[in-house]
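Remarks on the overall topology
Here is how the chains run, residue by residue.
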Amino acid sequence: MPELPEAESIARTLRDKLRGRRFTRTIVHRRDVIHGDATRLGSSLLNRRIKDVYREGKRVVILLDDCARIVIALGMTGRLTVERVRERVLPHTHLRVSLGRTGLELRFCDPRRFGGVWYLNGGDAHNGRRLSPLGVDALKVRADQFRALLKRNRRIKALLMDQRIIAGLGNIYCDESLHRARIHPLTCASSLTPGQTALLLHQIRVVLRAAIRLGGSTIMDYRNADGRPGGFQHKHRVYNRESLPCRTCKTPIIRIQAAGRSSHLCPRCQPMPAKP
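**Description of the overall build of the chain**
Helix and strand content of the chain: six helices and 13 strands. Scaling as 2.2 N^0.38, a compact globule of 276 residues should have a C-alpha radius of gyration of about 19 Å, and the chain matches this with 20 Å. The buried share of the chain, reckoned over its 276 residues, is 51%. Within the chain, counting contacts between residues at least 6 apart in sequence, those at least 24 apart form 63% of the total.

**Here we look at the sheet that holds strand 2 (residues 34–36)**
Taken in spatial order, the five strands of this open sheet run 2-9-5-4-3, and their pairing is mixed. Of all strands in the sheet, those with a lone pairing partner are strand 2 and strand 3 (50–56), marking the two edges. Going from strand to strand, the sheet's axes swing by 20° on average, the running direction of each strand aside. Both strand 3 and strand 4 (residues 59–64) contribute to a ladder of six bridges, which runs antiparallel.

**Regarding the pairing of strand 5 (residues 69–73)**
Counting buried positions along strand 5 gives four out of five residues, so the element sits mostly inside the fold. Across five bridges, strand 4 lies against strand 5 in antiparallel orientation. Paired with leucine 63 across the bridge in strand 5 is arginine 69. Between strand 4 and strand 5, which pair antiparallel one after the other, the connecting turn spans four residues, and cysteine 67 there sits at a positive phi close to 75°.

**Notes on the pattern of salt bridges**
In the structure shown here, the tally under the stated rule is 20 salt bridges. Where arginine 12 meets glutamate 8, a salt bridge forms, and the shortest distance between an N and an O atom there is 2.8 Å. Separated by four residues within a single helix, arginine 12 and glutamate 8 lie in helix 1 (residues 4–18), roughly one turn from each other. Judged by relative accessible area, which is 43%, arginine 12 ranks as partly exposed. Glutamate 8 gets classed as buried once you look at its relative accessible area, which sits at 12%. In this structure, arginine 107 engages glutamate 105 in a salt bridge whose closest nitrogen and oxygen atoms are separated by 2.7 Å.

**Structural notes on the state of the cysteines**
Across all of its chains, the model carries zero disulfides by this definition. Considering cysteine sulfurs only, cysteine 249 is the nearest to cysteine 266, which forms no disulfide, with 3.5 Å between them.

**Considering the sheet that holds strand 8 (residues 104–109)**
Here we have four strands laid out as an open sheet, ordered 1-7-8-6, and antiparallel in their pairing. Edge positions in the sheet fall to strand 1 (23–28) and strand 6 (79–84), since each has one partner strand and no second. Along the sheet, successive strands turn relative to each other by an average axial angle of 20°, direction set aside. Note: strand 1 against strand 7 (residues 93–99), four bridges, orientation antiparallel. From the neighbouring strand, valine 28 faces strand 7, where its bridge partner is leucine 95.

Conventions adopted
Residues numbered from 1 in each chain as written. Predicted model: local features only at pLDDT ≥ 70, side-chain atom pairs only at ≥ 80, totals over all residues. Heavy atoms only, no water. Helix = DSSP H or I, 4+ residues; strand = E, 2+ residues; numbered from the N terminus. Rg over C-alpha atoms; globule rule 2.2 N^0.38 Å. Buried < 20%, exposed > 50% of the residue type's maximum accessible area, 1.4 Å probe, protein only. Contact = heavy atoms within 4.5 Å. Pairing = 2+ DSSP bridges. Axes fitted to C-alpha atoms, helices over the stretch in contact; angles between N-to-C directions. Salt bridge = Lys/Arg side-chain N within 4 Å of Asp/Glu carboxyl O. Disulfide = S-S within 2.5 Å.

Next comes the structure, spelled out in structure tokens:
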């Protein structure tokens, strides 16, 4: 579930806690969630200083002192938190890395294991799954880039959710952005007018920035690195609101299948596109 706003909230929280500190002891509970260049992750991280923490798409990146990177893909249920070493370890916690003498450790928990941790140091060796390439970031895409990307004969929601084209958007923020732009998720992207395209990009930016300010959306188990839930779910206009009245026109929200996922929309604000 974590998308761009959740990953950004986690990265910002972690940046304050990790930057300048060193990793010490590493405990790997499941090696099948560890990928990349390191066969012995513990020795690779020993006494390594953390230079920065930032986001790429839906991923969280920890930059180390020699420019090696730890990339965490959160998948559907991933959580990345800083806990006291003596705190109870939650089930499905796959990786724990101590932070010097602080008594704290970074923990990666992922019940469904759709996510993972990649250690990338620029070497040729690679173990486990490879990271898929990312398209332009949803908050950084320029208007001309966005127009060019939408000139495809694909349904708009499927295109927006394709991380190889635009990175960061998932089910929640696609539904919310499309509703605000009054576009049905099954609309062909190439059929959108210049005005619709400009409005959609504007609404994507508005929705993502608002969600970041509120710490993301907690639908089930998302928490930031401090263990706090997000608050943007209270601002959702369509997502997870099936049968409830549209906040714009009071028409009941419906749920359909789009891009292989359940999609929420208002049938009045977002009419079904005419067949060509």
